[in-house]
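Report on the structure
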Amino acid sequence: MKSNKHKSSHSTEREFGGAFGATCIPVFLPLTVLYLLSVCRSPAASVLQWPPPLPPTAQLWDPVAAVLIAGWFALQSFLYLLPVGKVSEGLVLKDGSRLKYPINGFHALWITAVLLSVCLWLGMPLGYLFELMLPLAICAISVSYLLSLYLYIRSFWAPKHALSLGGNTGNPLYDFFMGRELNPRIGNFDLKYFCELRPGLIGWMVINLGMLMKEVELGGSPSLAMLLVNFFQLLYVTDALWNEEAVLTTMDIVHDGFGFMLAFGDLAWVPFTYGLQAMFLVVHPQSLSTLGAVGIILLNGIGFYIFRRSNSQKNQFRRDPTHKSVAHLETIATATGKRLLVSGWWGFVRHPNYLGDLLMALAWSLPCGTSHILPYFYVIYFTILLIHREARDENHCRAKYGLAWDTYCKRVPYRIIPYIY
Ligand code: NDP
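Moving on, we come to the overall build of the chain. Across its full length, the chain holds 15 helices and six strands. In terms of C-alpha radius of gyration, the chain reaches 22 Å, essentially the compact-globule figure of 22 Å for 421 residues. Viewed in the frame of its principal axes, the chain has a C-alpha envelope of about 60 × 55 × 45 Å. Relative to its 421 residues, the chain shows a buried fraction of 52%.

Glancing now at the site of the ligand. Around the ligand, the surrounding shell holds 23 residues, and the nearest of these are Tyr354, Asp357, Asp393, Lys400 and Tyr401. Asp393 places a side-chain nitrogen or oxygen 2.6 Å from an oxygen atom of the ligand. Between an oxygen atom of the ligand and a side-chain N or O atom of Lys400, the distance comes to 2.4 Å. Considering the ligand on its own, with 930 Å² of exposed area, one finds that the protein chains cover 83% of that surface. A total of eight residues in the shell around the ligand trace back to one element, the largest contributor, which is helix 14 (residues 377–401).

A word on a nonpolar patch on the surface. On the surface, Val47, Leu48, Ile373, Ile380 and Ile384 cluster together to form a nonpolar patch covering roughly 500 Å² of accessible area. Its relative accessible area of 57% is what places Ile384 among the exposed residues.

This paragraph deals with the side chain of Asn353. Examined against the element boundaries, Asn353 turns out to sit in helix 13 (residues 352–365). Those residues in contact with Asn353 that lie beyond four places of it in its chain are Phe307, Ser310, Asn311 and Trp346.

On inspection of all chains with the given rule, the structure shows 31 aromatic pairs. Ring centres of Tyr80 and Phe194 lie 5.6 Å apart, and the angle between their planes is 85°; this geometry places the pair in the edge-to-face category. One end of the pair, Tyr80, is in helix 2 (residues 63–81); the other, Phe194, is in helix 6 (residues 191–197), with 114 residues separating them in the sequence. Like Phe194, Tyr80 is buried. For the pair Tyr274 and Tyr381, a centre-to-centre distance of 6.0 Å together with 55° between the ring planes defines the contact as tilted. Highlighted residues: Tyr274 in the loop between helix 10 (260–273) and helix 11 (276–283) and Tyr381 in helix 14, separated in sequence by 107 residues. One cation-aromatic arrangement involves Arg41 over Phe130; the distance from NZ or CZ to the ring centre is 5.5 Å. We note Arg180 situated over the ring of Phe156; from NZ or CZ to the ring centre the distance is 4.0 Å.

Rules used throughout
- Residues numbered from 1 in each chain as written.
- Predicted model: local features only at pLDDT ≥ 70, side-chain atom pairs only at ≥ 80, totals over all residues.
- Heavy atoms only, no water.
- Helix = DSSP H or I, 4+ residues; strand = E, 2+ residues; numbered from the N terminus.
- Rg over C-alpha atoms; globule rule 2.2 N^0.38 Å.
- Buried < 20%, exposed > 50% of the residue type's maximum accessible area, 1.4 Å probe, protein only.
- Near = heavy atom within 4 Å.
- Polar contact = N/O pair within 3.5 Å; in protein donor to acceptor, adjacent residues only side chain to side chain.
- Areas by Shrake-Rupley, 256 points an atom, 1.4 Å probe, with all protein chains shown as cover.
- Patch = residues over 30% accessible without salt bridge, like charges linked within 9 Å, V, L, I, M, F, W, Y side chains within 5 Å.
- Salt bridge = Lys/Arg side-chain N within 4 Å of Asp/Glu carboxyl O.
- Contact = heavy atoms within 4.5 Å.
- Phe/Tyr/Trp six-rings, centres within 6.5 Å; stacked < 30°, edge-to-face > 60°.
- Lys NZ or Arg CZ within 6 Å of the ring centre and 35° of its normal.

Here is the structure:
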């Protein structure tokens, strides 16, 4: 979390390893995506195999992938512009204004689902996405590079008040990575908000469906493991888009500039690494017992329940603390005038929403069995991400709430997992 203490227009605080991290990450992470995809489709699927299973260069490029990615962005942009759903206002900006955002991501998801059903009905080979995974990832990575370059260049024409706090150090590589402009727009089209939940998240669902169809091509019907992975992840994405308005108060929209970090994360990292389980199952089929499946469904259900209830409780409390669903909860006052919940979900641990998210992440990997570490990539990466994010948030809250935050920490001593962490 960035500090607000900057007196000049240049920010001084550096995150993600500063200029060194910002130079290495844009090289290292795209290579990681390609490496994980290559390992995932190899018979051994071992991250330890040496030399790594590099695909022939001919398999890295396919013009069909470029056409699909271009068509995908055109379709999602068109759906974004459709005048359906409500329009919501973001938080107040530095100049006192508030931007308007269309809340129609859920419509975009279901219109896409209808279009996909038509494609399947017409007999289009959706399973071919399996063969195209590497070229598709290369195109998505290229789009995120080109978009970040465009964002970096155009930011020099943006007014000072429209710049983010973190991405304006004057170091071109660091600023390219963190993003200089806070809310870059072309007319009313908000580029960061559009990328945050639509092309990547909905694209991830299309890829999952493609893997399921590939399994059907190979074996005649989808496996229980594949159905579970598809269903769990669809539930997660549907929930995110159903609650799209909540994204307007997140760190990504409110604090972070739009640069390579978010563009690459939204457009390449999420769709091509979060769904590795489905791709793994195509090449490494797993048989799942009914009892095992019931246990995994329960785990996902519990995770989803904790995740949704705790996020909704805090959102409701922040929107209207007198609402009957939260008015009875115990709170402590802070010097800022805002109160902190110390009972209910937020009295259980300090980040119950992260706990729920992690339980779900585990449930997405378990259908892939325990013979390989690769399908557990998401849960391992996500644990590291959330521990780091929790620490950033904790620093931010301590700076904001001071003594009241320390009192909260004494009352609720565990961060994410009760009695463990
Ligand atoms: P959170 O929803 O956890 O919000 C943290 C903020 O909540 C704090 O800064 C503080 O803000 C407020 N808060 C903290 N404690 C209390 C309390 N006791 N009472 C009242 N308010 C409190 O932020 P995130 O954006 O990190 O997470 C949102 C969701 O997104 C989570 O479920 C997370 O798991 C998920 N997520 C998923 C990712 C993915 O890749 N799948 C990546 C990142 C997040 P304030 O006081 O200013 O209101």
